[in-house]
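In case you want the letters, here they are:
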Amino acid sequence: MEFSLTSKQTLPQPHYQHLLTVMVLRLLIIPFLKGGIGEIVASLLFFYITFLIVQSYRLKRSLFVIFVAIAAVGFFLDIILTLGWVSTSVTPMILTFLSIYIVFFGSAALLILQNIVKTPRVTMDMVRGGICVYLLLGYFWALLYAMVYTFDANAFSSALLTDDSYLNLLYFSFVTLTTLGFGDIVPVNEVASVFTILEALVGQMYPTVFIALLVGGYLANRQIPDE
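As a convention, each chain's residues are numbered from 1 in the sequence order in which they are written. Only residues with pLDDT of at least 70 get local features here, since the model is predicted, and only at 80 or more are side-chain atom pairs given and counted; chain-wide, interface and lining totals rely on the full set of residues. Hydrogen atoms and water are omitted, and side-chain values are computed over all heavy atoms in the structure.

**Q** So what exactly am I meant to see when it comes to the confidence of the model for the protein chain here?
**A** Low-pLDDT portions of the prediction should not be read for the details of their coordinates. The predictor attaches a confidence to each residue, called pLDDT, with possible values from 0 through 100. Summary statistics for the protein chain give a mean pLDDT of 82 and a share of 84% for residues scoring 70 or more. Whether two residues are in contact is decided by their heavy atoms: any pair within 4.5 Å suffices. Within the model, the stretch residues 1-12 combines pLDDT values under 50 with twelve contacts to residues more than four positions away or in other chains.

**Q** Sorry, what's going on with helix H6 (residues 124-151) here?
**A** Along an α-helix, a turn takes 3.6 residues, which lines up residues three or four apart on a common side. Elements are defined by DSSP. Helices are runs of H or I of four residues or more, strands are runs of E of two residues or more, and each kind is numbered from the N terminus. Here the expected span of a helix is defined as 1.5 Å times the quantity of residues minus one. The first and last C-alpha atoms of H6 sit 41 Å apart over 28 residues, in line with the 40 Å expected at 1.5 Å per residue. Burial of H6 is extensive: 22 of the 28 residues sit out of reach of the surface. Here's how the labels work: a residue is buried when its accessible area is under 20% of the maximum for its type, exposed when over 50%, partly exposed in between, all with a 1.4 Å probe on protein chains only.

**Q** I would appreciate a short explanation of the nonpolar core in the present structure.
**A** Put simply, buried Ala, Val, Leu, Ile, Met, Phe, Trp, Tyr and Cys residues joined by side-chain atoms within 4.5 Å make one nonpolar core. Judged by nonpolar contacts, the single largest core of 66 residues is most densely connected at Phe105 and Phe156. When contributions to this core are tallied by element, the ones reaching two or more residues are helix H2 (17-29), helix H3 (35-56), helix H4 (61-82), helix H5 (91-118), H6, helix H7 (167-177) and helix H8 (190-223). Broken down by element, this core gets its largest block of residues, 18 residues, from H6. For Phe105, the residues in contact, after removing those within four places along its chain, are Phe46, Ile49, Thr50, Ile53, Leu136, Tyr139, Phe140 and Leu143.

**Q** Just checking my understanding: could you explain the packing of aromatic side chains for this structure?
**A** Within a pair of aromatic rings, the relevant descriptors are the distance that separates the centres and the angle that separates the planes. By convention, a stacked pair of Phe, Tyr or Trp rings (six-membered ring in the case of Trp) has centres within 6.5 Å and planes under 30 degrees apart, an edge-to-face pair has planes over 60 apart, and any other such pair is tilted. Under the criterion given, the structure shown has 17 aromatic pairs. Ring geometry for Phe97 and Tyr101: centres 5.1 Å apart, planes at 75°, overall edge-to-face. Remark: Tyr101 and Phe97 occur in helix H5; sequence separation between them is four residues, near one turn of the helix. Looking at Phe97, the relative accessible area reads 12%, which means it is buried. Under the relative-accessibility criterion, Tyr101 is labelled buried at 0%. Ring centres 5.8 Å apart and planes at 5° place the aromatic pair Tyr206 and Phe210 in the stacked group.

**Q** Explanation requested: the pattern of salt bridges in the structure shown.
**A** If the charged atoms of two oppositely charged side chains come close together, the side chains can form a pair. Here, a salt bridge means any side-chain nitrogen of Lys or Arg that lies within 4 Å of a carboxyl oxygen of Asp or Glu. Under the definition given, this model contains one salt bridge. With a shortest N-O distance of 3.7 Å, Arg128 and Asp125 are connected by a salt bridge. A residue pair is termed a helical-turn pair when its members lie 3 or 4 positions apart in one helix, as Arg128 and Asp125 do in helix H6 at three residues. On the accessibility criterion, Arg128 (22% relative accessible area) is partly exposed. The class of Asp125 is buried, set by a relative accessible area of 10%.

**Q** Can you walk me through the environment of Pro120 in this structure?
**A** Along the polypeptide, Pro120 turns up in the loop between H5 and H6. Counting along the chain gives 97 residues from Pro120 to Gly217, while the straight-line C-alpha distance between them is 7.0 Å.

**Q** Is there a simple way to explain the packing of H4 against H5 in this structure?
**A** How two helices pack is summed up by the angle between their axes together with the distance between the axes. Put simply, H4 and H5 touch, their axes get as near as 9 Å, and they point 135° apart. Between H4 and H5, the angle is such that the two are oblique. Seen along the crossing, H4 lies across H5 with a hand that is left-handed. Contact with H4, carried on its side by Phe67, Ile70, Ala71, Val73, Gly74, Phe75, Leu77, Asp78, Ile80 and Leu81, involves Met93, Ile94, Thr96, Phe97, Ile100, Tyr101 and Phe104 of H5 and no other residues of that element. Gly counts as polar in this scheme, as do all residues outside two lists: the nonpolar Ala, Val, Leu, Ile, Met, Phe, Trp, Tyr, Cys and Pro, and the charged Asp, Glu, Lys and Arg. Tallied by class, the residues present in the contact of H4 with H5 amount to 14 nonpolar, two polar and one charged. Only the stretch in contact is used when a helix axis is fitted, and all axes are lines through C-alpha atoms; the angle between N-to-C directions ranges over 0 to 180 degrees. Here roughly perpendicular refers to angles of 65 to 115 degrees, roughly parallel to angles under 35, roughly antiparallel to angles over 145, and oblique to all remaining angles. Whether a crossing is left-handed or right-handed is set by the direction in which the near helix is turned from the far one by less than a right angle, anticlockwise for left-handed and clockwise for right-handed.

The following block contains the structure:
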């Protein structure tokens with residue numbers, strides 16, 4: 001009982017509604033974001049998601065500025081590549097851009113999941129945070145597939161990146177994460193196959209663990225009366 005009361009008073013409650021809204025919005029409008037302006041809007045939304053992630057880190061001001069600056073570098077590289085100012089064959093630039101976002105999205109998923117585990121009570125914010133983690137995992141693996149594709153354009157049976165769209169990246173990632181397995185795009189080389197297997201395993205395990213946390217938290221709350 002003492003733990004529950006202390007937790008409610010001292011643990012800051014994160015807010016994931018804004019992050020969830022932006023990620024879902026980006027998924028919904030991606031098919032319509034084509035051409036110069038559309039691709040810039042998509043990049044802006046991607047950067048904004050990263051900014052919200054940094055904001056959730058609860059860093060000191062100096063570290064916050066550093067992390068935002070790193071994210072801004074990733075956004076700048078994204079814009080340069082999107083607008084074709086630099087050839088997409090410049091591998092170091094592409095890898096730098098991908099690495100920055102991979103670190104942000106991967107660490108964000110771990111951070112939010114850690115906060116969810118520490119939350120003493122089941123709330124709607126906790127549920128939203130759990131959904132954010134699931135979407136972040138899809139984005140995270142899409143970036144990993146993009147990195148594999150950068151090294152080997154034949155790593156998948158179909159092109160994941162084209163001149164006017166990268167929807168196939170997210171499509172393949174979320175189809176794998178949800179274990180739908182349509183089979184229209186399949187990994188060909190070994191690295192792509194290993195990443196696909198790992199994402200499918202996480203896609204099966206994460207919902208199970210998250211639901212167990214929700215049920216366990218709900219039952220614990222029912223057993224501890226409020227004062």
